[in-house]
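Descriptive structure summary
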Protein chains: 2
Amino acid sequence: MQVFTYMIPFCENPPVSVFDPNRKRNARGEQRQQALLRAAAAVFGRLGYHETTTNAIATEAGVSPATLYQFFPNKEAIASALASMYAREMAEVERAIDSEGVLDFTEAVGELIDVCMRFNRKRPEFHTLVVNAPLSPAAREDKRVLGQVFVDFIAARLRRELPTLSRSEAVHHGQVALMIFRGILDELAVASPHARQRLQQAMRNAVLRYLTPVLTESKTGRAVRSA
Amino acid sequence: MQVFTYMIPFCENPPVSVFDPNRKRNARGEQRQQALLRAAAAVFGRLGYHETTTNAIATEAGVSPATLYQFFPNKEAIASALASMYAREMAEVERAIDSEGVLDFTEAVGELIDVCMRFNRKRPEFHTLVVNAPLSPAAREDKRVLGQVFVDFIAARLRRELPTLSRSEAVHHGQVALMIFRGILDELAVASPHARQRLQQAMRNAVLRYLTPVLTESKTGRAVRSA
DNA sequence: TTAGAACACAAGTATCTACTTGCATAGGGA
DNA sequence: TCCCTATGCAAGTAGATACTTGTGTTCTAA
């Protein structure tokens, strides 16, 4: 009557790792961690997530691969840390747009688009991190929130112009605006300097031309429903 | 006076491979090759390019990994063969739209979009193959041509409505339309069945609302230039 | 009928890359 | 000064996966 022959695997996958999240860092350590993040950002930006190796990040930072794992548990954690940072930073900037409410619809949406384009140009690695990298749940949540901030900004502006527009319709149009934005952004990232300015104008046109009929053609059946 | 001590590496990487492009196929071989392509399409569609292993393709086709390499030199060649097939097939369909020239601008562009959405729904693996897979030069060319067919279709329709529009402007607007299309298509691929219909309408709206002002607001400076 | 070519696969190999181990040094609080 | 902990790395390991080798089987053309 052997009931508990094997007691060992109390926890199936003992996560043995040199990385300790509770470890106390000294000044040198803090600097290393930041340097590793900067190095990772540079390499992710050059090669994209999948082509980037942890060895390349370590080399870029001027440390050995083993040292990298003193500061991050794995590759995904590095991408997640960067993606979270950027997503929060970008959401912050978007929320600050027209905090005084002085811009009209076109100006506000144009400003939103400009801000997002500027951010993506300043952080070229942001795109691959958000699009291609597998992220931790926390980073995924930050990414989701970022998208929501964009959508809500547009939805709020639509309803401010046209209060009879239902919440769900407004959100839907915000989502479509985001899709348009992303579609053009993909090309913007690889466009030649000459093509870029033209594409930036096209970006504004594409989003605004999609949205403005929502406000003007408001009598067409489905377009207006009360919440 | 040793001049040519090492003669061996006449060609640095002797590409030794069991695959022979000139091999004559019998009926069984042809069927195997087609079955492997079908299996690859299924697995690529389920897992995406990078997550798909050649072993998984072989298993899906019910053959051993070694057999797969009798018919294709490497993984990329499988993706390239499928991508080329699909790109040519889709370009063909696009070129056949309104061959009699009876549709007006809105109808023609709407039909173009519908055709492309239908194709992507019929071949879900097409997206990952064209977006994520590294392709052979030949397949890349087929992909480029496919994009050009879309752009040229729209450019030609724009200039048919507004002959004073310059060729380069028309092509530019065609390109932007393609970016918008792709941006929304990305979401369409993962949308719930309920959201799909609404997104399909949004797709038409987004592209047409971007394009129609090109025809109507033709007095605004840059918009019209002679070729 | 038979030889050569095409088909098929079990059992590998080669390589790449995320991640560890074991040990040595630096640093700061007691 | 002493000791504990953080930092650092050379030299690995482990596991995944694209691709091969060697060998036997089936087809087909002469």
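Residues numbered from 1 in each chain as written. Chains lettered and ligands numbered in written order. Predicted model: local features only at pLDDT ≥ 70, side-chain atom pairs only at ≥ 80, totals over all residues.

Below, the discussion takes up the interface of chain A and chain B. Each partner contributes residues to the interface: chain A has 16 residues there, and chain B has 16 residues. Elements represented by at least two residues in the side of chain A that touches chain B include exactly α8 (167-188) and α9 (193-216) of chain A. (Contact = placed C-beta atoms within 7 Å. Helix = DSSP H or I, 4+ residues; strand = E, 2+ residues; numbered from the N terminus.)

Among the 27 residues in the neighbourhood of DNA strand D, the closest are listed as Gly29, Ser64 and Ala66 of chain A together with Thr53 and Asn74 of chain B. When residues of the surface near DNA strand D are assigned to their parent elements, the largest contribution, four residues, is made by helix α3 (residues 65-71) of chain A. By residue class, the composition of the surface near DNA strand D is nine nonpolar, 11 polar and seven charged. (Near = placed C-beta within 6 Å. Nonpolar A, V, L, I, M, F, W, Y, C, P; charged D, E, K, R; others polar.)

Moving on to the domain arrangement of chain A. Residue and element names in this part refer to chain A. Split into domains, chain A comes out as domain 1 (27-73) and domain 2 (76-218). For domain 1 versus domain 2, the separation of C-alpha centres amounts to 29 Å. Across the contact, 11 residues belong to domain 1 and 11 residues belong to domain 2. In terms of residue count, helix α1 (residues 27-47) provides more of the side of domain 1 that touches domain 2 than any other element does, five residues in total. For the side of domain 1 that touches domain 2, the class distribution of residues is eight nonpolar, three polar and no charged. (Domains from an automatic or database assignment.)

So, about unusual backbone geometry. Both trends apply: most residues other than glycine have a negative phi, and most peptide bonds are in trans. In the Ramachandran plot, Asp98 of chain A falls in the positive-phi region, its phi being about 50° despite a non-glycine side chain. Structurally, Asp98 of chain A can be placed in the loop between α4 (75-95) and α5 (105-122).

To continue, consider the packing of helix α1 (residues 27-47) of chain B against helix α2 (residues 54-61) of chain B. Residue and element names in this part refer to chain B. One can describe the packing of α1 onto α2 by two numbers: an axis separation of 8 Å at closest approach and a directional angle of 120°. Classified by the angle their axes make, α1 and α2 are oblique. Every pair of crossing elements has a handedness; the one defined by α1 and α2 is right-handed. The residues of α2 that touch α1, namely those facing Ala35, Leu36, Ala39, Ala40, Ala42 and Val43, are Ala56, Ile57, Glu60 and Ala61. Class assignment for the residues of the contact of α1 with α2 results in nine nonpolar, no polar and one charged. (Axes fitted to C-alpha atoms, helices over the stretch in contact; angles between N-to-C directions. Parallel < 35°, antiparallel > 145°, perpendicular 65-115°, else oblique. Left-handed = near helix turned anticlockwise from the far one by under 90°.)

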